[in-house]
Amino acid sequence: METLIPGIALAVIAITSTVGMATSRNDRRFKAMDRRLQLLERKMDLLLAHHGVEGPPEDPAFKEIDALLAQGKKIHAIKLHREATGSGLAEAKEAVERRMR
């Protein structure tokens, strides 16, 4: 069971990494997929908590991103996110803005 849940988490991450930048025509589809992914992530968190399994440790870069955001350095945080994840500018900006909430 402990190997199944991280495997599912990796599958979810792999699916999200294959989603490229959406064109304006595919923007609605991209947003719908994003909502579904957020729902899956919430369900995964509930499953992990229910079974007493800790999720994978968070990348130290994300702690540094949070520290940069606390200092009001959003642009630096976006740059660090891009370096840590290999994401594009728009994706990194969106991810950093989600962390700000």
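Each remark here, short or long, concerns the structure printed above.
Computed from a predicted model, the values in this text were never measured in an experiment.

Asks: Before we move on, can you summarise the overall build of the chain with the specific residues and values?
Replies: Helices and strands together make up the secondary structure of the chain, namely five helices and zero strands. Taken over 101 residues, the chain has a buried fraction of 21%. Looking at the chain as shown, the accessible area adds up to about 8,000 Å², and 58% of this sits on carbon and sulfur atoms.

Asks: Summarise the packing of helix H3 (residues 60-70) against helix H4 (residues 74-85); cite the residues concerned and give the values.
Replies: Their axes nearest at 8 Å, the elements H3 and H4 cross at an angle of 170°. Regarding the angle of H3 to H4, the classification is roughly antiparallel. On H4, the residues that touch Ala61, Phe62, Glu64, Ile65, Leu68 and Leu69 of H3 are Lys74, His76, Ala77, Leu80, His81, Ala84 and Thr85. Across the contact of H3 with H4, the residue classes tally to eight nonpolar, three polar and two charged.

Asks: Break down the nonpolar core for me, citing the residues and quoting the values.
Replies: Of all hydrophobic cores here, the largest spans nine residues; its members are Phe62, Ile65, Leu68, Leu69, Ala77, Ile78, Leu80, Ala92 and Val96. Elements with a contribution of two residues or more to this core: H3, H4 and helix H5 (89-100). It is H3 that contributes the most residues to this core, four residues altogether. Excluding anything up to four places from it in sequence, Ile65 contacts Ala77, Leu80, His81, Val96 and Arg99.

What counts as what
Residues numbered from 1 in each chain as written. Predicted model: local features only at pLDDT ≥ 70, side-chain atom pairs only at ≥ 80, totals over all residues. Heavy atoms only, no water. Helix = DSSP H or I, 4+ residues; strand = E, 2+ residues; numbered from the N terminus. Buried < 20%, exposed > 50% of the residue type's maximum accessible area, 1.4 Å probe, protein only. Areas by Shrake-Rupley, 256 points an atom, 1.4 Å probe, with all protein chains shown as cover. Axes fitted to C-alpha atoms, helices over the stretch in contact; angles between N-to-C directions. Parallel < 35°, antiparallel > 145°, perpendicular 65-115°, else oblique. Contact = heavy atoms within 4.5 Å. Nonpolar A, V, L, I, M, F, W, Y, C, P; charged D, E, K, R; others polar. Core = buried A, V, L, I, M, F, W, Y, C linked by side-chain atoms within 4.5 Å.

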